[in-house]
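# Secondary and tertiary structure notes
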Amino acid sequence: GDGGDGAPVCCASGLPCFFASVRCACEPSRTVSAAHAAAAVGAGGRGSLSCGCGASVLRATVRWPPSLLGRFEALLSRRLAARKRWIAAVETALSGSPPLGEVTALLGRAETMQL
């Protein structure tokens with residue numbers, strides 16, 4: 001299935017495999033995320049990729065080159081830092097009796113904040 005942006009859906013979690021996935025050549029629709037790959041072929045062949053084929057026929061797909069992942073990681077780090085600063089500002093504001101305008105401004109920032 002398509003998890004959006006052309007990403008396959010992990011048959012173990014039901015979530016899109018945005019970064020990497022593993023599938024068996026015999027049944028390409030049975031795809032798992034890289035995070036679930038070990039469990040998918042484990043359990044004596046009774047994992048999510050339960051076709052019984054050996055690991056030699058599994059195919060890994062990486063959707064983004066490592067250089068792009070590095071830029072994504074840097075962007076995510078900056079956004080997480082901004083979120084931490086926002087949380088600290090909210091905690092400070094709510095520790096007292098903040099003016100309504102300050103609370104409204106903090107809520108406005110929350111609505112536009114992206115991870």
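Described in the following lines is the structure provided in the data block. (Residues numbered from 1 in each chain as written. Predicted model: local features only at pLDDT ≥ 70, side-chain atom pairs only at ≥ 80, totals over all residues. Heavy atoms only, no water.)

## Side note on the environment of Cys 11
By the element assignment, Cys 11 lies in the segment before β1 (20-24). Judged by relative accessible area, Cys 11 falls into the partly exposed class, the value being 31%. Sequence spacing of Cys 11 and Val 32 is 21 residues, and the spatial spacing of their C-alpha atoms is 5.6 Å. (Helix = DSSP H or I, 4+ residues; strand = E, 2+ residues; numbered from the N terminus. Buried < 20%, exposed > 50% of the residue type's maximum accessible area, 1.4 Å probe, protein only.)

## A closer look at the sheet that holds β1
Hydrogen bonding along the main chain pairs the strands of a sheet, whether they run parallel or antiparallel. If you trace the 3 strands from one edge of the open sheet to the other, you get β2-β1-β3, paired in antiparallel fashion. If you trace the sheet from one side to the other, it starts and ends with β2 (27-33) and β3 (58-62), each paired once. Taking each pair of neighbouring strands and ignoring which way they run, the sheet shows an average axis angle of 30 degrees. Bridge analysis of β1 against β2 gives 4 bridges, and the strand direction is antiparallel. Note that in β2 the partner of Cys 24 across the bridge is Glu 27. (Pairing = 2+ DSSP bridges. Axes fitted to C-alpha atoms, helices over the stretch in contact; angles between N-to-C directions.)

## Thoughts on a nonpolar patch on the surface
On the surface, a nonpolar cluster with roughly 330 Å² of combined accessible area is contributed by Phe 18, Phe 19, Leu 69 and Phe 72. Note on placement: Leu 69 falls in helix α2 (residues 66-94). (Patch = residues over 30% accessible without salt bridge, like charges linked within 9 Å, V, L, I, M, F, W, Y side chains within 5 Å. Areas by Shrake-Rupley, 256 points an atom, 1.4 Å probe, with all protein chains shown as cover. Salt bridge = Lys/Arg side-chain N within 4 Å of Asp/Glu carboxyl O.)

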